[in-house]
Amino acid sequence: QVQLVESGGGLVQPGGSLRLSCAASASIFSTMGWYRQTPGKQRELVAVITVTGGTDYADSVKGRFTIPRDNAKNTVDLQMNSLRPEDTAVYYCMDRIGISTYWGQGTQVTVSS
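Residues numbered from 1 in each chain as written. Predicted model: local features only at pLDDT ≥ 70, side-chain atom pairs only at ≥ 80, totals over all residues. Heavy atoms only, no water.

**Q** What should I look at first to understand the side chain of Ser30 in this one?
**A** With respect to the helices, strands and loops of the structure, Ser30 is situated in the loop between β3 (18-24) and β4 (31-37). Among the polar contacts listed, one links the side chain of Ser30 to the side chain of Asp95, at a separation of 2.3 Å. Residues contacting Ser30, with those up to four places away along its chain left out, are Ile49, Thr50, Val51, Arg69, Asp95, Arg96 and Ile97. (Helix = DSSP H or I, 4+ residues; strand = E, 2+ residues; numbered from the N terminus. Polar contact = N/O pair within 3.5 Å; in protein donor to acceptor, adjacent residues only side chain to side chain. Contact = heavy atoms within 4.5 Å.)

Structure (structure tokens):
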């Protein structure tokens, strides 16, 4: 069982930046990433990164978000720049190992003036 602990959410004005962090409890090389969810909608992919550094981003965040990973520290971050009100959501860290997927508890990001 892998435990994921997220931090870094909060309130930010449009155009601002925020950095989310996720720490995994185990030293397991896997695909990690971030998803987000708003009320009444399905959880959606934001960004993922493989152990070798391959990345995939949702079209809506390309050019604004990056997903740095530190395999030695078992962490994955989400650097969010040029934030928009539509980025408001609960953000979840994800760790996929084989056929198993683990989730963090979620952290709220609110973009509002």
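**Q** Teacher, can you tell me more about the environment of Cys22 here?
**A** Its location among the elements puts Cys22 in strand β3. Note: C-alpha distance between Cys22 and Val5 (17 residues apart in sequence) is 5.4 Å. What Cys22 contacts, discounting residues up to four positions off in sequence, is Leu4, Val5, Glu6, Met32, Trp34, Asn74, Thr75, Val76, Asp77 and Cys93.

**Q** Looking at this structure, how should I read the pairing of strand β10 (residues 89-97)?
**A** When β4 meets β10, the two strands line up antiparallel, connected through seven bridges. If you follow Gln37 over to β10, its bridge partner there is Val90. Looking at chain direction, β10 and strand β12 (residues 107-111) are connected through three bridges and run antiparallel. Within β12, the residue paired with Ala89 across the bridge is Val109. Direction of pairing for β10 relative to strand β11 (residues 100-103): antiparallel, over a ladder of four bridges. The partner of Met94 across the bridge, within β11, is Trp103. Linking β10 back to β11 in an antiparallel pair, the connection comprises two residues, with Gly98 at a positive phi of about 60°. (Pairing = 2+ DSSP bridges.)

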